[in-house]
Amino acid sequence: MLNLDKSDFRLLLLVGALLVLAPFILNPFPEGSNLAQFNAGYPDLMQRLVIFGIFAIGFNILFGLTGYLSFGHAAFLGVGSYAAIWMMKLLTMNVIPAIVVSIIVAGVFAALVGFISLRRSGIYFSILTLAFAQMSYSLAYSVLTPITGGETGLQPKINDPRILDAPLLDGATPTAGLFGMDMRTSWQLSVGDWLFTFNFGYYFAAVVMLIAFYVSMRIFRSPFGMMLRAVKTNQNRLNYTGVNTRPYTLTAFIISGMYAGLAGGLLVAMDTQVGADRMFWTASGEVVLMTILGGAGTLIGPVLGAGFIKYMENVVSKINETVLHQWFYWLPDGLEDFVVSIVYPFVGKGWHLTLGLMFMAVVIFLPGGLMEGLRRLTQGRKKKADEKTSGAVATPAE
């Protein structure tokens, strides 16, 4: 079905189910409890989990399949965001034109960057992409201020032309929407002590992510994807056989850049404030961490990595000393203070330390990322089940 084999189709259904049920899955603890700190089922975070999942999926098409490590992918995220915000200022607040234009503009920019950067490979390619990204950030922050808004950024204003929209009333605020449906619209469901929020913007982004995930699956299973894997395995051997790998790697680079542009456009659809910080090198490094942490070259691994990092950034970073004292109040006073002083450097503002340690552990013990850990766990259980089955088979009497 959908030109996918059974295992891939089941994976697509699983991803779809997780996206639909995310408000329930990410809110496991009742409101008001001490553990409610770990709930992540609020619209802003769910939207970011999905959008950065798209970003990581696109990056994985380049890095996971070809082995080309880009340190400048945030440039396409930023370019897509600027293209989207200008569509909302000049054309309409409807998110569809903004997202389409963000994909196209990011793809064109990726073609230019890739055409130059792919003349080199290895660390030289990575440094070239990083240079392009930092150059784009610097231009957006200073020289191109009339287009990018500089350090203050851009946002829709009431006096923007918007030739396809009706004039706004005085005092009204331009908001992104889909054919009249506001992206910020939310519904809440109260079940006992639990409160679940369903946001229209999240589900729109979730549908886009499911489509993006399906397209990546088709790319992975296609002859084009097989060629990209061959490039990663031994590009020199392909060159010696007379195969020109440049068109394949450039196409992968452009597709990956278009995914980043799509993520940038969706970020604007959810939050219509755009700044140059989206193009900074740390944003490029973040998507690298997401992909490696989840499992480069796997289908769902980068999505898991993106969700894990964004969860830590938005939830673990909010755990302060007050919360820790609430958790360990049952300890004697001196011991409570000691435990809090030990734990606090790893949460709150120190969440990067925890992420760094976990990333080191994954790289050392699970080179294939979180997906390798799940694979080992599944194989271990299967092996135990097979041993029990074989042991239960009666041996014939002699």
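### As for the nonpolar core
- Among the nonpolar cores identified, the biggest contains 103 residues, and Ile54, Val95, Phe204, Phe213 and Leu266 are the most heavily contacted of them.
- The contact partners of Ile54, leaving out residues within four places of it in the chain, are Ala205, Val208, Met209, Ala212, Tyr259, Leu262, Ala263 and Leu266.

### A short note on the packing of aromatic side chains
- Enumeration according to the criterion identifies 14 aromatic pairs in this entry.
- Centroid distance Tyr202 to Tyr203: 4.9 Å. Interplanar angle 70°. Geometry classified as edge-to-face.
- Since its relative accessible area comes to 2%, Tyr202 is described here as buried.
- You can call Tyr203 partly exposed: its relative accessible area is 23%.
- Here the aromatic cluster, defined as three or more aromatic residues joined through ring pairs, consists of Tyr68, Phe76, Phe109, Phe125 and Phe253.
- Against the face of Trp86 rests Lys89, its NZ or CZ located 5.8 Å from the ring centre.
- The ring of Phe115 has Arg119 sitting right over it, with the charged end atom 4.7 Å from the ring centre.

### Notes on helix H4 (residues 74-90)
- If you check H4, its first and last C-alpha atoms are 24 Å apart, about what 17 residues at 1.5 Å a residue would give, namely 24 Å.
- For H4, a buried count of 15 out of 17 residues is recorded, marking the element as mostly surrounded by other parts of the structure.

### Some points on a nonpolar patch on the surface
- Side chains of Leu14, Leu18, Val20, Leu21, Phe24, Ile25, Leu189, Val191 and Trp194 sit close together on the surface and give an oily, nonpolar patch of about 740 Å² of accessible area.
- If you list the elements that add at least two residues to the nonpolar patch, you get helix H1 (6-20), helix H2 (22-25) and strand S3 (186-191).
- Top contributing element to the nonpolar patch by residue count: H1, with three residues.
- Along the chain, the position of Val20 falls in helix H1.
- On the basis of relative accessible area, Val20 is assigned to the partly exposed category, the value being 48%.

### Some remarks on the confidence of the model for the protein
- Across the protein, the average pLDDT comes to 90, with 98% of residues at or above 70.
- Note on residues 394-398: pLDDT is under 50 here. Beyond four places in sequence and across chains, it has zero contacts.

### Observations regarding the pattern of salt bridges
- For the coordinates displayed, the defined rule picks out eight salt bridges.
- Of the charged contacts, one joins Glu372 and Arg376 as a salt bridge, the two residues approaching to 2.6 Å between their closest N and O atoms. Highlighted residues: Glu372 and Arg376, both in helix H16 (residues 370-392), separated by four residues, approximately one helical turn.
- With relative accessibility at 15%, the residue Glu372 sits in the buried group.
- Overall, Arg376 belongs to the partly exposed group, its relative accessible area being 44%.
- Residues participating in the shared-partner salt-bridge network are Lys89, Asp160 and Arg162.

### What to know about unusual backbone geometry
- At Asn3, a position not held by glycine, the phi torsion is positive, near 60°.
- With respect to the secondary-structure elements, Asn3 resides in the segment before H1.
- For Arg162, which is not a glycine, the phi torsion comes out positive at approximately 40°.
- Residue position: Arg162 is located in the loop between helix H7 (145-148) and strand S1 (177-178).
- Of the residues examined, Arg162 reaches a relative accessible area of 4% and is grouped as buried.

### Some points on the packing of helix H3 (residues 43-66) against helix H8 (residues 200-221)
- Their axes nearest at 8 Å, the elements H3 and H8 cross at an angle of 15°. Relative to H8, H3 is oriented roughly parallel. The two elements H3 and H8 meet at a crossing, and its hand is left-handed. Residues Met46, Gln47, Val50, Ile51, Ile54, Ile57, Asn60, Ile61 and Leu65 of H3 form the contact with H8, whose participating residues are Gly201, Tyr202, Ala205, Ala206, Val208, Met209, Ala212, Phe213, Ser216, Ile219 and Phe220.
- Residue composition of the contact of H3 with H8, grouped by class: 16 nonpolar, four polar and no charged.

### Regarding the packing of helix H5 (residues 95-117) against helix H10 (residues 246-270)
- At their nearest, the axes of H5 and H10 sit 7 Å apart, and the two run at 145° to each other. Here H5 and H10 pass one another in a crossing that is right-handed. Residues Val95, Ile99, Ser102, Ile103, Ala106, Gly107, Ala110, Ala111, Val113, Gly114 and Phe115 of H5 touch H10, and the partners they reach there are Leu250, Phe253, Ile254, Gly257, Met258, Gly261, Leu262, Gly265, Leu266 and Ala269.
- Here the residues of the contact of H5 with H10 sort into 15 nonpolar, six polar and no charged.

Conventions adopted
Residues numbered from 1 in each chain as written. Predicted model: local features only at pLDDT ≥ 70, side-chain atom pairs only at ≥ 80, totals over all residues. Heavy atoms only, no water. Core = buried A, V, L, I, M, F, W, Y, C linked by side-chain atoms within 4.5 Å. Buried < 20%, exposed > 50% of the residue type's maximum accessible area, 1.4 Å probe, protein only. Contact = heavy atoms within 4.5 Å. Phe/Tyr/Trp six-rings, centres within 6.5 Å; stacked < 30°, edge-to-face > 60°. Lys NZ or Arg CZ within 6 Å of the ring centre and 35° of its normal. Helix = DSSP H or I, 4+ residues; strand = E, 2+ residues; numbered from the N terminus. Expected span 1.5 Å × (residues − 1). Patch = residues over 30% accessible without salt bridge, like charges linked within 9 Å, V, L, I, M, F, W, Y side chains within 5 Å. Areas by Shrake-Rupley, 256 points an atom, 1.4 Å probe, with all protein chains shown as cover. Salt bridge = Lys/Arg side-chain N within 4 Å of Asp/Glu carboxyl O. pLDDT = per-residue confidence, 0-100. Axes fitted to C-alpha atoms, helices over the stretch in contact; angles between N-to-C directions. Parallel < 35°, antiparallel > 145°, perpendicular 65-115°, else oblique. Left-handed = near helix turned anticlockwise from the far one by under 90°. Nonpolar A, V, L, I, M, F, W, Y, C, P; charged D, E, K, R; others polar.

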